[in-house]
Each structure stands twice: as C-alpha cells, then as structure tokens.
Amino acid sequence: MTAPNITTTLLSIPKIGLGTWPMNGPSCSDAVANAIKIGYRHIDTAERYENEAAVGAGIAAGLAESGVSREALFVTSKVWWDHLEPDQIRAALDASLERLGLDYLDLYLIHWPSKTMDLPAALKTLEALKAEGKIKAIGVSNFTLAHLKAVEETGIPIAALQVEYHCMLSQKKLLDWCRPRGIVLEAYAPIARGKFSDDQVLNAIAKKHGIQPLQVALAWLMNQELVVPIPKAQDFGRQKTNLDTVAVKLDAEDMAAIEALPKDQRQVKPDFAPDWD
C-alpha cells in the first residue's frame, strides 16, 4: 500500500510520512529502508536530529531493494533556528544533502523561528535555492499565526507548515490561515507520543471500526483537508499499522466525537519555543 498524494500549486506530498526523530544509527537506517519497501513515500528528518546520514543510508537501501525511483520519494529536512543567515542556510542545506546522499530535497523547512532572524532574507535564500534546483518546495515549522502573517508580507509563498497537531491539541487558527492559501499542514507528534492510548472515546471508535486507537488518531488527521501526519515508527509492525490507516474512513459522528475532546495538551515545549498564544 502507498498513500495518495495531496497536490497543491506548490507541491505534491504523500498523505502520511515517516517521522525519524529520535531514531539514529543502523536501526534508523533499517527502519527507513523497511518503510520504503512496504510503501512509504515520504520521509521526514532535520539537521538537528543528527540522523541524516543514517536516514540517507536507509533511503539508499530502501530504493535499491524496492526498485522505487528517487523521484517517487518525498524527502524533507530542516534548517535549525541558529543557522538562518543566508550563508548559513546554504551551508546547512549542502551539509544535509551530503549526509543524506541526495541531490535535492522535496521540502526544506525553517525548523523553528528565531527572535533575531531576518525572515525576509531567510525566505529569499530558500527561494533562490529552490530556483537552483536544490529544493523543490519551501516551508516553515513551529511558526505561530503572527509568524505566518510576517511570511506573507514578504510575498514569498510557502508550501507547508509543520507543527505539533493531534486530537488533543487544536490548531484551528493555523488551519484557518493555511487552507485558503493552499498551505499543507504537516502534523508531528500526531499520536501525542502515545499519551491518549487509553482514551475512552478513541477506544470506542477503534472498537467500532475494528482498528487500533492510534489508527483512529491518525485517521482523524488524514480525514482533514490539507493535513499530513508524520508519525515516528521504528518498529516494522507499527510502520505497517500506521500506513494501513490510509484506508480508514471515519464518519461524521466519529469526527465530531474526537473534535469534542480537550484540545490543550501540547507535548513539545522547548525553552526556545515561541509564544503559541
């Protein structure tokens, strides 16, 4: 099974991806290779994960063993928030490509906003790298609505926003901004790091459909317009379970029940994070 793509004017991205943080080493390479072999066509990493070499080895092995072409694979990486000067972005991208063993990235994101960043200069650099063919699409990660408004003021369109999003955390403000602009919202930590595996609502819906609660959580995301979950899965069985969720269709009653759950349980809160409110 492979996931269908979401296609906008700026990118075509598989509906589910493989997150790779905090995997590393040979086990990371094996996980990435297996994911490609069973049907994943979307791999997510970042320079800060310090696993790009392992991910790259997994990509090479997965493509070789499956016969899938590089062009059929969607690979994302990210530049860290203290590398946002134009020369630093260029150096970071070149280093990421070398570690990954790739000639280009399908999507390159600013990983976190910085209070001191020159956002117009950073976006112009990303736009130039796209024109040079090193990046197919550009975007941002962990940006607030205020940051997105600042992005729009530059006149440089972005293809994707990656943020924490799951059935216990609302991102309505960001979705309401992104959807009219055709910006894909990538959901990291889409099962809230397993925090809600015992939730009664999710378990009831899972029983109804004969699936697992984590699949309910992923399906809730995939049933939404322009939303792409990127769950981390190192275990081969979990990878297949996640990918199989592509075929799960929740009904309106299911979606409403999940929507009614508390939506304030943010899991990722580093000390350098922006003010989400």
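Conventions adopted
Residues numbered from 1 in each chain as written. Predicted model: local features only at pLDDT ≥ 70, side-chain atom pairs only at ≥ 80, totals over all residues. Heavy atoms only, no water. Helix = DSSP H or I, 4+ residues; strand = E, 2+ residues; numbered from the N terminus. Rg over C-alpha atoms; globule rule 2.2 N^0.38 Å. Contact = heavy atoms within 4.5 Å. Areas by Shrake-Rupley, 256 points an atom, 1.4 Å probe, with all protein chains shown as cover. Lys, Arg positive; Asp, Glu negative; His and termini not counted. Charge placed at Lys NZ, Arg CZ, Asp CG, Glu CD. Buried < 20%, exposed > 50% of the residue type's maximum accessible area, 1.4 Å probe, protein only. Salt bridge = Lys/Arg side-chain N within 4 Å of Asp/Glu carboxyl O. Phe/Tyr/Trp six-rings, centres within 6.5 Å; stacked < 30°, edge-to-face > 60°. Lys NZ or Arg CZ within 6 Å of the ring centre and 35° of its normal.

**Q** Explain the overall build of the protein to me, using residue names and the numbers behind them.
**A** Helix and strand counts for the protein stand at 10 helices and 10 strands. Taken over the C-alpha trace, the protein has a radius of gyration of 18 Å; the compact-globule value for 277 residues is 19 Å, and the two agree within 12%. Along the three orthogonal principal directions, the C-alpha set of the protein runs to about 55 × 45 × 35 Å. Across the protein, contacts joining residues at least 24 apart in sequence account for 77% of those joining residues at least 6 apart. Within the structure as shown, the protein displays about 11,900 Å² of accessible surface, and the carbon and sulfur contribution to it stands at 50%. Side chains of the protein carry 29 positive and 35 negative charges; the gap between the two charge centres is 4 Å.

**Q** Explain helix α8 (residues 213-222) to me, and be specific about the residues and the numbers.
**A** α8 sits mainly inside the fold: 10 of its 10 residues count as buried. Listed in full, the buried residues belonging to α8 are P213, L214, Q215, V216, A217, L218, A219, W220, L221 and M222. Check the buried side of α8 and you find it contacts β9 (184-188), α7 (200-209), β10 (227-229), α9 (236-244) and α10 (252-259).

**Q** Describe in detail the pattern of salt bridges, supporting the description with residues and values.
**A** Scanning the entire structure with this criterion turns up 12 salt bridges. A salt bridge links R181 to E152; its shortest N-O distance comes to 2.7 Å. Separated by 29 residues along the polypeptide, R181 in the loop between α6 (172-178) and β9 and E152 in helix α5 (residues 145-154) bring together distant segments of the chain. The residue E253 makes a salt bridge to K208 at a minimum N-O spacing of 3.8 Å. One end of the pair, E253, is in helix α10; the other, K208, is in helix α7, with 45 residues separating them in the sequence. Under the relative-accessibility criterion, E253 is labelled exposed at 60%. Ionic contacts of the salt-bridge type, sharing partners, join the residues K208, D251, E253 and D254 into one network.

**Q** How would you explain the packing of aromatic side chains if you had to name every residue and give the values?
**A** Enumeration over the complete set of coordinates arrives at 6 aromatic pairs. Ring centres 6.2 Å apart and planes at 45° place the aromatic pair W80 and W81 in the tilted group. Plain terms: the ring middles of W81 and F272 are 5.6 Å apart, the flat faces sit at 40° to each other, and that makes the pair tilted. Here W81 is found in the loop between β5 (74-79) and α3 (86-100), whereas its partner F272 is found in the segment after α10, with 191 residues between them in sequence. On the accessibility criterion, W81 (29% relative accessible area) is partly exposed. According to the relative accessible area criterion, F272 is partly exposed, its value standing at 29%. By way of ring pairs, the aromatic residues W80, W81, W112, F272 and W276 are connected into one cluster. In this structure, K136 is placed above the aromatic ring of Y104, and the distance from its NZ or CZ to the ring centre is 4.7 Å.

The values are spatial; any link to function lies outside them.
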